[in-house]
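Residue-level listing of the chains:
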Amino acid sequence: MIDFLTRKWREFWIPGKSSLDPVLIVTIFVLLLAGLCVMYSSSSITAWREFKDSEYFLKKQSVWSCIGLVFFFFFSIFPYQRLEKLASFGMIVSIGLLILVFIPGIGKSVSTYYGRNFHRWIAIGPYQLQPSEVAKVAVLIYLASLFPKLKLESTPDYKKLLVPSALLLTVIVLILIEPAFGTTLEILFVILGFIFLFGFPFRNLLVVGIVSLPLIYILIDRVGYRKKRVEVWLDPYRYRFDEGHQLVTSFRAFLDGGWFGNKLASGYAHRYLTYSHTDFVLATFVEDFGFFGFSIFIFLIFLLLFRAFYLVQKVKDPFGFYLGAGILIILGTQFIINMFVVTGIFPITGISLPFVSYGGSSILIVLVSLGILVNITRKENLGL
């Protein structure tokens, strides 16, 4: 019996033993379940305060997670190669959805205390869809269909890039004016990642990045709320009673969490961190479970990313390789930037923590992306 279990345990970790990679599947479901539990703990006090129902956000997130799981299973068996034919159509649909957020009666805007309106959602009954999340998947599929074709050409005709460039620029501009600067960063990282995979020298990419610094400076300095966020990031304690409250409270949550955390939903951040169940959910997570729990979470994230990275490298189909690489870049960017924001390494920007942050569109698109990734990394698609 012990020999049998030992053999099965070893086989569990060997890539290509099963049609679907068990390590990838198990890690995804563990993160999904853990994310719901953490989100519930983070949101219970806010939910009771605003709706007199401590499970309000948990119920809504669970609905979106169930919908996401339906799409996850669908895309894990749907021949992903067919997505290549739908790439241009997906871009047009995503542009249409991004325009809808600005139409009164369809789009849902949120006003901030400093007078800025955010147009990021489409109202669907009691729920909201965030088109910029849909646009990320559309851009991934579109770029993954474009780059292999360019790779096949000995002397690429760059005139053919006029239409793709126009479509991509339209998506980026629409997302910027919502505004959703964090999502724009994710898409730009994907584009740069694909250019690097295409064979463009890293040194040249670095030069492009340096040349782009004045534009980035203008996008930050000339937009009041972004400039303010940088000022808060540089000295959060100076603004601890207003704009810096989130970051300062996050620092305290990490300190209070210690090694093993506190009684669930009882800490300072749970009571006073504004919307603690969204972008700053990691702070309340550490307050609950401490550095030990945080280390386990980081281990699971790295297990997911590195396992997928190993498998994507083995994908034989160029479209599948680029699509899988793009999904990894998006997920990795979200994890890293969110953690950097919550710990004060990076200025505050609206990027959610996959699996954990409250948000229906976010968890839906994460599960759709992972369903496609699981499909791409099937045994029959790998050169093992």
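Residues numbered from 1 in each chain as written. Predicted model: local features only at pLDDT ≥ 70, side-chain atom pairs only at ≥ 80, totals over all residues. Heavy atoms only, no water.

A. Seen up close, the overall build of the chain. On a plain count of helices and strands, the chain comes out with 14 helices and three strands. Summarising the internal contacts of the chain: among those between residues at least 6 apart in sequence, 70% fall at separations of at least 24. Accessible surface for the chain amounts to roughly 19,300 Å². Of this, 70% is attributable to carbon and sulfur atoms. (Helix = DSSP H or I, 4+ residues; strand = E, 2+ residues; numbered from the N terminus. Contact = heavy atoms within 4.5 Å. Areas by Shrake-Rupley, 256 points an atom, 1.4 Å probe, with all protein chains shown as cover.)

B. Examining the packing of aromatic side chains more closely. Across all of its chains, the model carries 25 aromatic pairs by this definition. Measuring from ring centre to ring centre gives 5.6 Å for Phe147 and Phe194, while their planes differ by 80 degrees; the resulting arrangement is edge-to-face. Placement of Phe147 in helix α5 (residues 131-152) and of Phe194 in helix α7 (residues 181-198) is noted, with a sequence separation of 47 residues between them. Under the relative-accessibility criterion, Phe147 is labelled buried at 8%. Their ring planes at 45 degrees and their centres at 5.9 Å tell us that Phe260 and Phe292 sit as a pair that is tilted. Of this pair, Phe260 sits in the loop between α10 (245-257) and α11 (268-272) while Phe292 is found in helix α12 (residues 281-313), placing the two residues 32 residues apart along the sequence. Its relative accessible area of 64% is what places Phe260 among the exposed residues. (Phe/Tyr/Trp six-rings, centres within 6.5 Å; stacked < 30°, edge-to-face > 60°. Buried < 20%, exposed > 50% of the residue type's maximum accessible area, 1.4 Å probe, protein only.)

C. Representation of a nonpolar patch on the surface in the model. Nonpolar side chains collect at one region of the surface, where Trp259, Phe260, Phe291, Phe292 and Ile296 lie side by side and expose about 620 Å² of accessible area between them. Relative to the assigned elements, Ile296 resides in helix α12. (Patch = residues over 30% accessible without salt bridge, like charges linked within 9 Å, V, L, I, M, F, W, Y side chains within 5 Å. Salt bridge = Lys/Arg side-chain N within 4 Å of Asp/Glu carboxyl O.)

D. The packing of helix α13 (residues 318-342) against helix α14 (residues 360-376), seen in detail. Interaxial distance between α13 and α14 falls to 10 Å at its minimum, and their mutual angle equals 140 degrees. The way α13 lies across α14 gives a crossing that is left-handed. Contacts from Gly320, Leu323, Gly324, Ile327 and Leu331 in α13 reach Val366, Ser369, Leu370, Ile372, Leu373 and Ile376 in α14. Grouping the constituent residues of the contact of α13 with α14 by class yields eight nonpolar, three polar and no charged. (Axes fitted to C-alpha atoms, helices over the stretch in contact; angles between N-to-C directions. Left-handed = near helix turned anticlockwise from the far one by under 90°. Nonpolar A, V, L, I, M, F, W, Y, C, P; charged D, E, K, R; others polar.)

E. Summary view of unusual backbone geometry. Here the phi dihedral of Lys52 falls at roughly 60 degrees; this positive angle occurs in a residue that is not glycine. Tracing the chain through its elements places Lys52 in the loop between α2 (22-51) and α3 (56-77). Backbone geometry places Phe355, a non-glycine residue, at a positive phi of 80 degrees. On the secondary structure map, Phe355 appears in the loop between α13 and α14.

F. Representation of helix α4 (residues 87-100). Here α4 spans 20 Å end to end across 14 residues, near enough to the 20 Å set by a 1.5 Å rise per residue. Among all positions of α4, only Ala87, Met91, Ser94, Ile95, Leu97 and Leu98 are buried. Down the axis, α4 shows its buried residues gathered within 165 degrees of arc, on one side only. The outward face of α4, more than 90 degrees from its buried face, is lined by the exposed residues Phe89 and Ile92. (Expected span 1.5 Å × (residues − 1). Arc of directions from axis to C-beta.)

G. Highlighting the pattern of salt bridges. Taken as a whole, this structure holds six salt bridges when the rule is applied. Salt-bridge contacts for Asp53 lead to Lys59; the nearest nitrogen and oxygen are separated by 3.0 Å. For Asp53, a relative accessible area of 22% translates into the label partly exposed. Since its relative accessible area comes to 44%, Lys59 is described here as partly exposed. In this structure, Lys136 and Glu186 form a salt bridge, with 3.0 Å as the shortest nitrogen-oxygen distance. Taken together, the residues Lys136 in helix α5 and Glu186 in helix α7 connect sequence positions 50 residues apart.

H. Layout of the nonpolar core. Residues Leu83, Val171, Phe297, Leu323, Phe335 and Phe355 are the most contacted members of the largest nonpolar core, which totals 88 residues. No other element matches the 15 residues that α12 contributes to this core. (Core = buried A, V, L, I, M, F, W, Y, C linked by side-chain atoms within 4.5 Å.)

These values are about where atoms sit, not about what they do.
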